[in-house]
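Next come the chains, spelled out residue by residue.
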Amino acid sequence: MTQEQRSATISVLVENEAGILARVIGLFTGRGYNIDSLTVAAVDPVRNVSRINIVTSGTDMVIEQIKAQLDRLVQVYRVADLSKQGPHVARELGLIKVVCTGAERVEALRLAEAFRARVIDATLESFVFEMTGNTDKLDAFIELMRGLGLAEVSRTGVAAIARGTATI
Amino acid sequence: MSQNTSADTTLDTAPGAEILLRALKDQGVEVIFGYPGGAVLPIYDAIFNQNAIRHILVRHEQAAVHAAEGYARSTGKVGVVLVTSGPGATNAVTGLLDALMDSIPLVCLTGQVPTHLIGNDAFQEADTTGITRPASKHNYLVKRGQDLAKVVHEAFYVARSGRPGPVVIDLPKDILIGPAPYVAAPETPHRSYRPQVEPDAGQIAKAVALLKSAKRPVIYTGGGVINAGPAASEALRALVRKTGFPCTSTLMGLGAFPAGDPLFLGMLGMHGTYEANLVMHGCDVMLNIGARFDDRVTGRLNAFSPGSKKIHVDIDPSSINKNVPVDVPVVGDALRVIRAILAAWDDAPGELDKPAIAAWWKQIDEWRGIDCLKFRQDMTKGAVIKPQYAVQRLYDITRELKAKTGRETFISTEVGQHQMWAAQYFGFDAPNRWMTSGGLGTMGYGLPAAMGVQIAHPDALCIDIAGEASILMNIQEMSTLAQYRLPVKVFILNNQYMGMVRQWQELLHGGRYSESYTAALPDFVKLAESFHGVGLRAKSVDELDDVIRQMIEIDRPVICDICVDEKENCFPMIPSGAPHNEMILGPEHGTSLQMGGAKGLTDEGLALV
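Since the structure is predicted, the reported quantities are computational estimates derived from the model, not experimental observations.

**Student:** Looking at this structure, how should I read the pattern of salt bridges?
**Tutor:** Two side chains with opposite charge may pair up if their charged atoms get near one another. Counted under the stated rule, the structure contains 38 salt bridges over all chains. With a closest N to O distance of 3.3 Å, B:Glu588 and B:Arg376 form a salt bridge. Here B:Arg376 lies in the loop between helix H15 (354-369) and helix H16 (387-405) and B:Glu588 lies in the loop between strand E20 (558-563) and helix H23 (603-608), a separation of 212 residues in the sequence. Where B:Arg537 meets B:Asp523, a salt bridge forms, and the shortest distance between an N and an O atom there is 2.9 Å. Of the two residues, B:Arg537 is situated in strand E19 (residues 534-538) and B:Asp523 in the loop between helix H20 (499-508) and helix H21 (524-530); the sequence distance between them amounts to 14 residues. Since its relative accessible area comes to 31%, B:Asp523 is described here as partly exposed. It is possible to trace a salt-bridge network through shared partners that takes in A:Arg6, A:Asp60, A:Glu64, A:Lys67, A:Asp81 and A:Lys84.

Pasting the structure below:
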């Protein structure tokens, strides 16, 4: 096992019960693991299953530890390390508010088009852009907006799924 | 509407508290350790009206949990605790974490304010599921009567399955009063929690091949073997005898392999034997069964057993590769794994390298020849008692008793020097006879644990080997002993200091004994008497045997105040942060502790303490 830090995208299927999210978060804080992103939503109302997507980082040994620790929680059905089990897609959605006028406003709109961000709200002094993509793409866009009157950012965190026919 | 309702009322329905007791009874519960309070009064009312389950009234909720741990550890059953909301629950937290760290199966029932008051800062309200989340294996808040019986059954399943642990059920008062349907324990597997118990055949084959290739092997066992039941200890003995490999044990695993057997090296780790630690350091193949490479065992990680291939058997996959990377992980129940190894052994290719192993034993015998547990007891009349000698005599005399009458001895301890001396000098030949707080190191554990053991084994001799500091942490339980006529013996090695703290201060802090001396100890003889027990005292070596024999003969709670050498230190010792081969031996070996420093000690080690 290498001592290099790597990023891992882990998906966890859990029983949709009170306390499970607190248990997962407590596990990360209590054992000193990183959480770079965490999303959770019900995905199967019939079976009462929710999916938690966690982006974390650490050495291979730490990431294996995180998976084992998650897997032994009573309400956990499955733990999948998407970044290890083959190709996967990971996306997040960001809402980016930019307050500006004049040339900056034109430039913001032009960049938004280049990044395929949609305008979902506009006033004479502001835009709210909606943008979906991987984390790097959102980061890049937000960085560009910084010089053009970036006022506020709201991001969902990462949702991820394996490519092809594979399921978890 | 009326039709549905009438169908519901024909269901097996009763007030929640009654349904709770019925579920407990169906789970085989015989005894509950508890303390009443407002939120759990409906349960106490239901207990009053039945005879199937016995309730033991403790004097502090922490003691209820430790008593249940003693009961569970000595029987292999799930221990049950009942406490009220708020302070009842928070007092139980130390015991819960203790049980979590040492993998003891418990179900702890906590009272809660009625559901409509939750979150309102009501009287004696605490966020019990929030507080106990990191202190329990799992917890539940029952919000609907219809979930009650199901949750109780599930809690017992979770507590005893996989790596055992404590499970909390938080019970709002209205759920206990309102109607609840009874459901039996489910026969289908749990929907999400199904720990792997059967080992993978491929991993077993790899393990056997590696073991057969060993020239300097060791078998290192832990509490997992005890938790897998007495049959696992039997299987371990068969494996060790078949292979002829040396065997060592963690603090939690003592008794799984007989202490007196020549194949046993004694306990390993910080205060383990010289030979056990050097074998761990020098081995080429290590088989770890049910132990978790705890920091008290490994010493400095990057110097731990540097040249060995490691096989790790554990029922908890998260224990594998946590601290120490291993070559052959085997997930499964210790009993099944040992049996699988035995079954695969004869047909697997390869033969043991007997000459190499004989040479290994020759080396081990040399290390043994150092006699690392040697101490000198002055036998002249009036001489001060060495604590090691006190434990050794206690062992010898209880062993005589066993030979003569067949009466079993169960030992519990508090935490500190006396605990280590008990582990070193009291030889355990059978599993489930040794109750100690290993992972959490909870002072105050021993007396209530012994109480729980005595409840489970009314005819056995239950002794708490204690220190005078630890025993004061749950001394109120003497009152419980009196109420239930439990003849528990408290054997205090009284050196007037928090001995382990004093030892570390001598070693690491320049002999500045900051706050480790207890200036106003009680008179333990009078204290025993005030709690309706008997107090005995031995001040010199000539008084010791008589006191021990009297203690055993008296069929009542006894406190023995054994006044021992105040300055005695616990050896051998691997200072925190040092590797196994840098051990400090006792003064008998000419390397007594120097003030302010020891070989191999680093700032990192200081931080590890």
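**Student:** Help me understand H20(B), please; the structure alone is not making it clear to me.
**Tutor:** It helps to recall that an α-helix has 3.6 residues per turn; residues three or four apart then point in one direction. Residue and element names in this part refer to chain B. With respect to burial, H20 is a largely interior element, nine of its ten residues being buried. Looking at H20, one finds that the buried residues are Gly499, Met500, Arg502, Gln503, Trp504, Gln505, Glu506, Leu507 and Leu508. Positive phi shows up at Gly510, right after H20, with a value of about 60°.

**Student:** Sorry if this is basic, but what is going on with unusual backbone geometry here?
**Tutor:** Glycine aside, residues mostly have negative phi angles, and peptide bonds mostly take the trans form. Cis peptide bonds are those with omega within 30 degrees of zero, and the linkage from B:Phe571 to B:Pro572 qualifies with -5°. Along the polypeptide, B:Pro572 turns up in the loop between E20 and H23. Positioned with a positive phi, A:Asn48 is a non-glycine residue whose angle comes to about 60°. With relative accessibility at 29%, the residue A:Asn48 sits in the partly exposed group.

The rules behind the values
- Residues numbered from 1 in each chain as written.
- Chains lettered and ligands numbered in written order.
- Predicted model: local features only at pLDDT ≥ 70, side-chain atom pairs only at ≥ 80, totals over all residues.
- Heavy atoms only, no water.
- Salt bridge = Lys/Arg side-chain N within 4 Å of Asp/Glu carboxyl O.
- Helix = DSSP H or I, 4+ residues; strand = E, 2+ residues; numbered from the N terminus.
- Buried < 20%, exposed > 50% of the residue type's maximum accessible area, 1.4 Å probe, protein only.

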